[in-house]
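Fold and contact review
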Amino acid sequence: MENFKKSSHVVLTSHYKQIFKKSIEIKWGAKNPLERGPVVGTISEKENRNAIGTHSGSYTVYRALSIASGQYERDHKPDLKNTDMTTEVGPFDSWSDPRKIVSLDPWGASVSKTFDPYISKGYNIAPTIAVTQAHLQIPEIGEAIEKGRLKPDGKILLPSNDIKVTKAAIEPVWYLPGIAERFGVEEGELRKVLFEETGGMFPELVTRPDLKILLPPIGSSTAYIFGNPKDLSDPNVTLTCRVHDECNGSDVFGSDICTCRPYLTHGIEESVKTAQNGGVGLIVYFRKEGRALGEVTKFLVYNARKRQSGGDSASNYFYRTECVAGVVDARFQEFMPDVLHWFGIKKIHNLISMSDMKYDAIVNSGIEVSQRVSIPDELVPDDARVEIEAKKAAGYYVPEESEGPGDIKELDKVKGRDLDD
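The structure contained in this document is the topic of the report that follows. Values in this document were obtained by computation on a predicted structure and should not be read as measured data.

So, the packing of helix α6 (residues 176-183) against helix α7 (residues 187-197)
Look at α6 against α7: their axes get within 9 Å of each other, and the N-to-C directions meet at 100 degrees. In terms of orientation, α6 and α7 fall into the roughly perpendicular class. Facing Leu-176, Pro-177, Ile-179 and Ala-180 of α6, the residues of α7 in contact are Glu-187, Leu-190, Arg-191 and Leu-194. A class-by-class count of the residues in the contact of α6 with α7 yields 6 nonpolar, no polar and 2 charged.

Section: empty space enclosed by the protein
One pass over the full model with this rule turns up 5 cavities of 30 Å³ or more. Reported here for the largest cavity is a volume of approximately 490 Å³. Taken together, 31 residues form the lining of the largest cavity, with Cys-260, Arg-291, Tyr-317, Glu-387 and Lys-391 sitting closest to its centre. Of all the secondary-structure elements, those providing two or more residues to the lining of the largest cavity are β7 (239-245), α10 (260-276), α11 (289-292), α12 (295-307), α13 (317-325) and α16 (385-393). The element best represented in the lining of the largest cavity is α12, accounting for 5 residues.

A word on unusual backbone geometry
A cis geometry characterises the amide bond from Gly-90 onward to Pro-91, with omega recorded as 0 degrees. Tracing the backbone through its elements, the reader meets Pro-91 in the loop between α2 (60-68) and α3 (111-114). At Ser-56, a position not held by glycine, the phi torsion is positive, near 80 degrees. Examined against the element boundaries, Ser-56 turns out to sit in the loop between β1 (51-53) and α2. Although it is not a glycine, Asn-82 adopts a positive phi angle of roughly 65 degrees. Inspection of the secondary structure puts Asn-82 in the loop between α2 and α3.

So, the pattern of salt bridges
Where charged atoms of side chains with opposite charge meet at close range, the side chains can pair. Scanning all chains against the criterion turns up 23 salt bridges. As a salt-bridge pair, Arg-182 and Asp-338 come within 3.0 Å of each other at their nearest N and O atoms. In this pair, Arg-182 is assigned in helix α6 and Asp-338 in helix α14 (residues 337-342), connecting sequence segments 156 residues apart. Given the relative accessible area of 0%, Asp-338 is considered buried.

A few points about the sheet that holds strand β5 (residues 213-215)
The sheet built from 3 strands is open, its strands ordered β1-β5-β4 with mixed pairing. Only two strands of the sheet have a single neighbouring strand rather than two, namely β1 and β4 (174-175). With 3 bridges connecting them, β1 and β5 associate as parallel partners. Looking at the pairing, Ala-51 lines up with Ile-213 of β5.

Observations concerning the packing of aromatic side chains
Tallied over the full model, the rule gives 12 aromatic pairs. The interplanar angle of 35 degrees and the centroid separation of 6.2 Å between the aromatic rings of Tyr-59 and Tyr-62 together place this pair among those described as tilted. When sorted by exposure, Tyr-59 lands in the same class as Tyr-62, which is exposed. For the pair Trp-342 and Phe-343, a centre-to-centre distance of 5.0 Å together with 65 degrees between the ring planes defines the contact as edge-to-face. Like Trp-342, the residue Phe-343 is buried in the burial classification. Taken together, the ring pairs in this structure connect Phe-92, Trp-95, Trp-107, Trp-342 and Phe-343 into an aromatic cluster. Directly above the ring of Phe-286 sits Lys-288, whose terminal nitrogen or CZ lies 4.7 Å from the centroid. In this structure, Arg-372 packs its charged tip against the face of Tyr-359, placed 4.1 Å from the ring centre.

Conventions used here
Residues numbered from 1 in each chain as written. Predicted model: local features only at pLDDT ≥ 70, side-chain atom pairs only at ≥ 80, totals over all residues. Heavy atoms only, no water. Axes fitted to C-alpha atoms, helices over the stretch in contact; angles between N-to-C directions. Helix = DSSP H or I, 4+ residues; strand = E, 2+ residues; numbered from the N terminus. Parallel < 35°, antiparallel > 145°, perpendicular 65-115°, else oblique. Contact = heavy atoms within 4.5 Å. Nonpolar A, V, L, I, M, F, W, Y, C, P; charged D, E, K, R; others polar. 1 Å grid on protein atoms, 1.4 Å probe; cavity = no way out; pocket = protein on both sides within 12 Å on 5 of 7 lines; lining within 4 Å. Points joined across faces, edges and corners; volume = space filled by probe spheres on them. Salt bridge = Lys/Arg side-chain N within 4 Å of Asp/Glu carboxyl O. Buried < 20%, exposed > 50% of the residue type's maximum accessible area, 1.4 Å probe, protein only. Pairing = 2+ DSSP bridges. Phe/Tyr/Trp six-rings, centres within 6.5 Å; stacked < 30°, edge-to-face > 60°. Lys NZ or Arg CZ within 6 Å of the ring centre and 35° of its normal.

This is how it looks when you write it as structure tokens:
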């Protein structure tokens with residue numbers, strides 16, 4: 001074995017006795033944010049930390065590489081001047097309801113103001129939510145304008161075909177007791193499995209029961225708001241919403257094996273229409289690539305589907321995923337409504353989704369849904385017929401006037417193209 005030079009002494013915080021006096025107790029659900037306490041996941045002063053893990057999700061590893069290579073100061077504290085939200089959000093009653101929000105910090109967008117008493121004492125408190133404004137340039141919106149489905153109004157949809165939006169980036173902040181309750185498991189069991197299945201990445205999960213917050217190394221979520229963000233919390237203002245799970249192949253590169261990008265752009269178009277008519281639109285984009293199984297697994301499934309006996313068919317769509325991944329879907333939509341509750345949403349008038357799991361999660365969280373909107377048939381790519389018919393057969397929403405899924409023999413007739421075509 002090649003010799004290597006040992007680093008300097010490391011102080012572990014993975015033991016219960018390693019509790020610092022300056023660590024602030026988190027009282028999740030407290031209405032007063034100062035009573036609730038700030039989430040301190042920064043590493044510049046370990047004695048102040050009250051969370052397991054650290055900020056930026058999976059990008060934590062890149063920060064560590066920057067530090068190791070000498071390109072990043074370990075004790076850096078960000079200058080948050082002029083970084084405040086472009087539009088204020090909340091607070092809402094849902095922010096202090098521990099049953100409504102367990103996977104994000106509702107006060108994460110206003111730490112410089114809300115937790116100034118702590119920051120002035122030297123606590124390094126990082127935002128976990130940022131809100132800004134942007135213009136979106138989307139080819140399908142230009143096409144909708146050319147075909148007369150949309151018309152620039154100079155406010156929401158500009159003469160340049162740009163869409164003016166407010167957008168929010170939201171990092172995951174898990175309150176472990178609430179996460180366990182949401183899943184119907186014991187907190188201790190949840191901690192144990194998280195520790196084991198991440199290769200022992202966070203020993204504090206099993207050795208520090210006093211630490212109730214986990215900053216998991218997973219991707220963030222992004223919300224795009226069309227119209228006035230303050231209208232999201234008003235149930236009397238029409239809200240069109242799509243909750244979308246990441247699909248890099250389709251969303252970014254236009255792969256036609258699924259309906260992801262067509263459904264996403266349809267949701268954007270409907271959100272623009274609603275905002276132009278005095279309502280508000282919302283797209284929430286979650287980083288859950290390949291049903292949270294990952295892109296490598298997804299591509300393996302593609303190969304298995306295309307190479308199986310009889311070719312790619314709707315009848316075996318979910319089966320091939322389970323054969324490769326061991327589970328059909330790992331997205332667990334139970335967390336998804338937390339973002340909606342952060343905006344104070346009580347009612348969605350038009351839900352641009354056919355997913356039964358998403359619909360059930362939203363409704364079961366206390367949000368009313370008036371209407372579900374399926375993807376127009378003309379937007380479904382030919383090779384994606386396998387996916388959409390399989391999902392209909394599995395319980396996805398089908399409008400009454402539409403033809404429902406057939407029996408197994410009919411599903412077997414729905415074929416995708418060959419792998420080499």
